[in-house]
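Residue strings, one per chain:
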Number of protein chains: 2
Amino acid sequence: MHIKSLVAETEKSKAPSFSFEYFPPKTAQGVQNLYDRMDRMNNFGPKFIDITWGAGGGIAELTCEMVVQAQAVYGLETCMHLTCTDMGLEKVNDALQKAYKAGCTNILALRGDPPRDQESWTAADGNFQYARDLVKHIRDTYGDHFDIGVAGYPEGCDDNKDEESLLDHLKEKVDMGAGFIVTQMFYDADNFIRWVGKVRERGITIPILPGIMPIATVPPDWMAKLEPVKNDDVAVREIGKTLVAELCKKLLANGIHHLHFYTMNLAQATRMVLDELNWTPSAENPLKQALPWKQSKGFGRRDEDVRPIFWRNRNKSYVIRTQDWDEFPNGRWGDSRSPAFGELDAYGIGLTGTNEQNRKKWGEPASIQDIANTFVQYLEKKLETLPWSESGLAAEADPIKDDLVALNKRGLLTINSQPAVDGAKSNHPVHGWGPSNGYVYQKAYLELLMPPYLLEEMISRLDDFPNLTYYAVTKNGQLKSNAPSDGPNAVTWGVFPGKEIVQPTIVESVSFLAWRDEAFRLGVDWAHCFDANTPSRALIEGIMNEWYLVNIVNNDFRENSTIFGFLEGLEVKDLAVPVTLTA
Amino acid sequence: MHIKSLVAETEKSKAPSFSFEYFPPKTAQGVQNLYDRMDRMNNFGPKFIDITWGAGGGIAELTCEMVVQAQAVYGLETCMHLTCTDMGLEKVNDALQKAYKAGCTNILALRGDPPRDQESWTAADGNFQYARDLVKHIRDTYGDHFDIGVAGYPEGCDDNKDEESLLDHLKEKVDMGAGFIVTQMFYDADNFIRWVGKVRERGITIPILPGIMPIATVPPDWMAKLEPVKNDDVAVREIGKTLVAELCKKLLANGIHHLHFYTMNLAQATRMVLDELNWTPSAENPLKQALPWKQSKGFGRRDEDVRPIFWRNRNKSYVIRTQDWDEFPNGRWGDSRSPAFGELDAYGIGLTGTNEQNRKKWGEPASIQDIANTFVQYLEKKLETLPWSESGLAAEADPIKDDLVALNKRGLLTINSQPAVDGAKSNHPVHGWGPSNGYVYQKAYLELLMPPYLLEEMISRLDDFPNLTYYAVTKNGQLKSNAPSDGPNAVTWGVFPGKEIVQPTIVESVSFLAWRDEAFRLGVDWAHCFDANTPSRALIEGIMNEWYLVNIVNNDFRENSTIFGFLEGLEVKDLAVPVTLTA
């Protein structure tokens, strides 16, 4: 979506509106950490993020790569910076094409800082000299595909302090087709407001997004307030956040609707300002989500509105394994389930973390009880991840947590679940998603690993449980099911004013078989965190080779207890007996 | 669906299974009456119907035409009879092609009776002589498309009383590819059971459907029982039904699962037998419907699973106006709404009945109040039809009936409605549809005619009713709406075990505009039942020319009252003032 449209929506809705800027880190680990942080910070509710241009060398590549990841995998509306500095036409076109393919529709076109070894800036032969040239080129090449942002300098820029001349440049950039203005950071609200007046006097009507730096270099009159605590980082942040929040409030009171935060790749300072503004999501003011899972903004992927439940805790690998699909399943899934899921050896699908890290996290189990204890720790939120879950247990699991713990204590290892929801309001703080004034529903779902003799006992009970459907499969693909058809069973849906029923989460056989590959692979990866001929390796490999991966849906979406009643009394044999190594 | 599959399902489910045979009537009015009767008798729940072959002349054409209508318009699974009598290869192929195009998948292949002027039967040159030749030809030409039935003669046939020879012929027909046997009528159950034994001894394993004639010529031992009442038709029927029901019970007790009734185009005698068997649908044993509206069995139409609500009381015209669609909307409607709706001048779309009949039915209104009274009579079930409704008010309207009456008494003419349903069980006797163990839902819906000044007042109230969406349109196409998009609003849906959410009824703008043409046309047709320069004509034409057709959906499917509260106090001006003719 174009940033000018996002800002226009904001003006209408009067809801908080802000965006986050990140820059490409220098190390691979830094990049991974930043993705995680961007993902978490997305929960604050930014309307978009932007990623600065890593001028020169491999960092430029990294900007493009980060835009792809942010759009496709993390589902963030992303604006890509692009600078003239050191960039020939070919490089510019290459970057634009990558952004286009990533589904990115916003570019911030900048002249860029001069390379360090040059005092002032002249373009290389045949390269773009001014941002306005870059704006014109993007507009000429891509028409209206991209919304184009340009920089505004309310306090002058390093090599030009002449306000009128800078306003002339701004007007030129706007005339070339810019759709919004992002300003440099500032702390002087009054000056900014005065400057906005001058911009408007020039007949420039596009949105102006003030750049806010949560705390960094501070204006002299703020220093006095910070002086008494200058050696106390926590206190500086505390006072700083109040000062920045006051700045923000002043801007908002003066007709600014959207704030652009320079996060410096840090979460806390920005979060504190948002808290101070009362803008972070809360039970009273939950983050609005269009669907119960985070949508990808990838190219051709924006209309995706249904996913199998199996990847609920593995969003990223689902996106990677389906990235080559021409069309995403929607509404009716029959035809669209045919595209093959991507291979398991693609980057990012296996277990992450080093063997040592994983042994530390999940222990060195010698018995099924040891593994069960690790699962219980996860359910009790003492562990953030499991091999099958990239993030902590969702709040919605609370009503069934005790039942899940009990199952695991009996050796039935639960790797995914959702509770029943019978028509919660769409703005419900835990279960809600989708437009206002709707109702959302879920069928209770449980996915677990169990040994064959317990599966047999489970299946023998089915006659007494007409509302339950299940699929069970072994690592080598032996599938059992009582589902009435191979087709999809909608397990999450919503009813909204003036719309069809939205059915974003399903259970069905084709994707379950694809998920099986991944689920058993994750288990095998975990086993391989331990040396050959260790009890832990033998134990986990044994489970992967012999047990079933089972999913159960309670089709009566009005209650949670049936599934647990169905499994009552089932218990793994020799729970606490340590595995013994043969030969 | 093939009859052999229907019978196989029956054996599994142990549910009552029967079929009805009809013959082509001699007059056009007779045909129309028979359609109506077939439609009503379909509510008894036959698994299929069959239509006999009108050998010779235009009646053969009529058989084909009736098969098309029964399949496509009335949604009846139909078996077409086809005889050798007087039929050349070309005629046979023509009839088969028509059946194929009608979506018919069952043929009963018969030799047929000899023409009246011939004592015994010889085929014309090059024509089929025996039913087995016809069976072979159908199988050779159409492969497995058609299931083919053949006749069985447990009591011999007119020109051959030799049982062994008839069994030889039967075996030949089966060997040529017949899939089921329908027997001539009989009343001697013991003989039939003996005969079935002989059929099975020949190695014939396909289903045998006994032909049951509710009452006609009766065996001598029945005569004694009927003798005392032979001049009392009602009493004959009463005793007859008991005798026939006993016959049926005996057959069922002897391994027969499906009964084939020769209805003689009459409803009552068959119904009485079904009643006696306790097979007619009741509140405890409701007729199962796959969707809330009757599906068409037309060619390429069996997968249709969504329709606009507007034609709810005009099934037939919807089928006619969409019969050229290559694809029927399903699940996601965006693409499929594009095919144009057929023209209004096609046969069967305008108002039926003669002008005189219609004036008699709906009166000669001189004021809006007079019209309103006619509508109220319909709501109170004193009238079977209205110009916009082909059949009586559905039982589901009961909970909102008083509100509808009140609206009409204030001059707001309601032409369609459904009450809210918040998760009724799918086997609910009034609201239920679809597979067992599901839940069905409806949003309250109301469609009515109202003058512009009331529409204006209605629209001004909308801010206080965030859950309501409406469309309003005049005869010449002026459209108003507050719907969030042109796309479909699902107003009926169902949640079933192991399936996606089924959404069979929608409201959306494209089809509403097509319905508008028809709705105003029906009103104009009604006006034209009155001579020019009569008050009734002027009154109804005035309404058609000036008023709006309005539909309202209450998106909160948990309650009915909001729509009526929304319209509270709205009343047409000069309700009782008779229209005056100008010049």
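These numbers were taken from a predicted model, which means no experiment stands behind them.

1. Notes on the overall build of chain A
- Helix and strand counts for chain A stand at 18 helices and 18 strands.
- A globule of 583 residues ought to have a C-alpha radius of gyration of about 25 Å, and chain A, at 27 Å, matches this closely.
- By principal-axis analysis of the C-alpha atoms, chain A measures approximately 80 × 55 × 50 Å.
- Here chain A holds 583 residues, and 55% of them are scored as buried.
- The contacts in chain A between residues at least 6 apart in sequence include a share of 73% that link residues at least 24 apart.
- Accessible surface, chain A: about 25200 Å² in total, of which carbon and sulfur atoms supply 48%.
- Treating the 60 positive side-chain charges of chain A as one cloud and the 80 negative ones as another, the clouds have centres 2 Å apart.

2. Some details on the pairing of strand 4 (residues 106-110) of chain B
All names here are of chain B.
- Of all the five residues making up strand 4, five are buried; the element is thus mostly covered by neighbouring parts of the structure.
- Side chains Asn106, Leu108 and Leu110 project from strand 4 onto one buried face, and the interleaved Ile107 and Ala109 project onto a second face that is buried too.
- Pairing between strand 3 (residues 78-83) and strand 4: five bridges, direction parallel. The residue of strand 4 that forms the bridge with Met80 is Ile107.
- On the question of chirality, the crossover connecting strand 3 to the parallel strand 4 by way of helix 4 (residues 89-101) is right-handed.
- Two strands pair when backbone bridges link them, and strand 4 and strand 5 (residues 147-152) are joined in this way by three bridges, in the parallel orientation. Within strand 5, the residue paired with Ile107 across the bridge is Ile148.

3. What to know about the pairing of strand 3 (residues 78-83) of chain A
All names here are of chain A.
- Among the six residues in strand 3, six count as buried, and that is most of the element.
- Pairing of strand 2 (residues 48-51) with strand 3 involves three bridges; the strand directions are parallel. Note that in strand 3 the partner of Asp50 across the bridge is Cys79.

4. Here we look at helix 4 of chain B
All names here are of chain B.
- With 13 residues, helix 4 should reach 18 Å at 1.5 Å per residue; the first-to-last C-alpha distance of 18 Å fits that figure.
- Of all the residues in helix 4, the buried ones are Val92, Ala95, Leu96 and Ala99. Taken down its axis, helix 4 places every buried residue within 100° of arc, on the same side. Turned more than 90 degrees away from the buried face of helix 4 sit Glu90 and Lys101, all of them exposed.

5. Focus on the sheet that holds strand 16 (residues 489-495) of chain A
- Taken together, five strands build an open sheet; the order of strands is 9-17-16-12-11 (chain A) and the sheet is mixed. Looking at strand neighbours, the two that pair on one side only are strand 9 (307-308) and strand 11 (421-425) of chain A, the edges of this open sheet.

6. Section: the interface of chain B and chain A
- Each side of the interface is counted separately: chain B has 30 residues, and chain A has 30 residues.
- Here chain B packs against chain A, burying approximately 2700 Å² in sum over the two surfaces, 47% of which is carbon and sulfur.
- Connecting chain B to chain A are zero salt bridges.
- Our enumeration of links across chain B and chain A arrives at 14 residue pairs in polar contact (both at pLDDT 80 or more).
- Contributions of two or more residues to the side of chain B that touches chain A are made by strand 11 (421-425), strand 12 (439-442) and strand 16 (489-495) of chain B.
- It is strand 16 of chain B that provides the largest number of residues to the side of chain B that touches chain A, a total of four residues.
- Considering only residue class, the side of chain B that touches chain A consists of 13 nonpolar, nine polar and eight charged.

7. A look at the sheet that holds strand 3 of chain A
All names here are of chain A.
- Spatially, 1-2-3-4-5-6-7-8 is the arrangement adopted by the eight strands of the closed barrel, whose pairing is parallel. Averaged over all pairs of adjacent strands, the angle between their axes in this sheet comes to 25°, without regard to strand direction.
- Bridge count for strand 6 (residues 180-185) against strand 7 (residues 208-212) is three bridges, and the pairing is parallel. Looking at the pairing, Val182 lines up with Leu209 of strand 7.
- Contacting strand 3, strand 4 (106-110) and strand 5 (147-152), helix 5 (residues 131-142) crosses the sheet at an angle of about 150° to strand 4.

8. Quick word on the relation of the copies chain B and chain A
- In screw terms, the move from chain B to chain A is a rotation of 180° and a rise of 0.1 Å along the axis, fitting with an RMSD of 0.1 Å. With respect to symmetry, the two chain copies, as superposed, fit the operation of a two-fold axis.
- Comparing interface residues between copies, 100% of those in chain B also sit at the interface in chain A, which points to an isologous, same-surface contact.

9. Some remarks on the environment of B:Val319
- Its place among the elements puts B:Val319 in helix 11 (residues 315-321).
- Sequence-distant contacts of B:Val319, defined by excluding residues within four places in its chain, comprise B:Ala72, B:Val73, B:Arg301 and B:Arg307.

10. Side note on the packing of aromatic side chains
- Scanning the entire structure with this criterion turns up 56 aromatic pairs over all chains.
- Between the aromatic rings of B:Phe20 and B:Tyr22, the centroid separation amounts to 6.5 Å while the plane-to-plane angle is 85°, which identifies the pairing as edge-to-face.
- By way of ring pairs, the aromatic residues A:Phe310, A:Trp311, A:Tyr318, A:Phe341, A:Tyr445, A:Tyr471, A:Phe512 and A:Trp515 are connected into one cluster.
- Geometry around B:Tyr453 places B:Lys573 over its ring, the cationic atom sitting 4.2 Å from the centre.

11. Some points on the state of the cysteines
- Taken as a whole and judged by the stated rule, the model has zero disulfides over all chains.
- Looking at the unpaired A:Cys84, the closest cysteine sulfur is the one in A:Cys157, lying at 13 Å.
- A:Cys84 sits in the buried class, given a relative accessible area of 0%.
- For B:Cys64, which is in no disulfide, the shortest distance to another cysteine sulfur is to B:Cys104 and amounts to 9.4 Å.
- Given the relative accessible area of 7%, B:Cys64 is considered buried.

12. Let's talk about the side chain of A:Thr505
- If you trace the backbone, A:Thr505 turns up in strand 17 (residues 502-507).
- A:Thr505 has contacts with A:Pro292, A:Trp293, A:Val306, A:Arg307, A:Pro308, A:Ile309, A:Asn489, A:Ala490, A:Val491 and A:Thr492, leaving out every residue within four places of it along the chain.

13. Things to note about the pattern of salt bridges
- For the coordinates displayed, the defined rule picks out 61 salt bridges over all chains.
- Salt bridges sharing common partners tie together A:Glu163, A:Glu164, A:Asp168, A:Arg194, A:Lys198 and A:Arg202.

About the thresholds
- Residues numbered from 1 in each chain as written.
- Chains lettered and ligands numbered in written order.
- Predicted model: local features only at pLDDT ≥ 70, side-chain atom pairs only at ≥ 80, totals over all residues.
- Heavy atoms only, no water.
- Helix = DSSP H or I, 4+ residues; strand = E, 2+ residues; numbered from the N terminus.
- Rg over C-alpha atoms; globule rule 2.2 N^0.38 Å.
- Buried < 20%, exposed > 50% of the residue type's maximum accessible area, 1.4 Å probe, protein only.
- Contact = heavy atoms within 4.5 Å.
- Areas by Shrake-Rupley, 256 points an atom, 1.4 Å probe, with all protein chains shown as cover.
- Lys, Arg positive; Asp, Glu negative; His and termini not counted.
- Charge placed at Lys NZ, Arg CZ, Asp CG, Glu CD.
- Pairing = 2+ DSSP bridges.
- Right-handed = clockwise from strand over helix to strand, strands pointing away.
- Expected span 1.5 Å × (residues − 1).
- Arc of directions from axis to C-beta.
- Buried area = accessible area lost by both parts, 1.4 Å probe.
- Salt bridge = Lys/Arg side-chain N within 4 Å of Asp/Glu carboxyl O.
- Polar contact = N/O pair within 3.5 Å; in protein donor to acceptor, adjacent residues only side chain to side chain.
- Nonpolar A, V, L, I, M, F, W, Y, C, P; charged D, E, K, R; others polar.
- Axes fitted to C-alpha atoms, helices over the stretch in contact; angles between N-to-C directions.
- Least-squares fit on C-alpha atoms with pLDDT ≥ 70 in both.
- Phe/Tyr/Trp six-rings, centres within 6.5 Å; stacked < 30°, edge-to-face > 60°.
- Lys NZ or Arg CZ within 6 Å of the ring centre and 35° of its normal.
- Disulfide = S-S within 2.5 Å.

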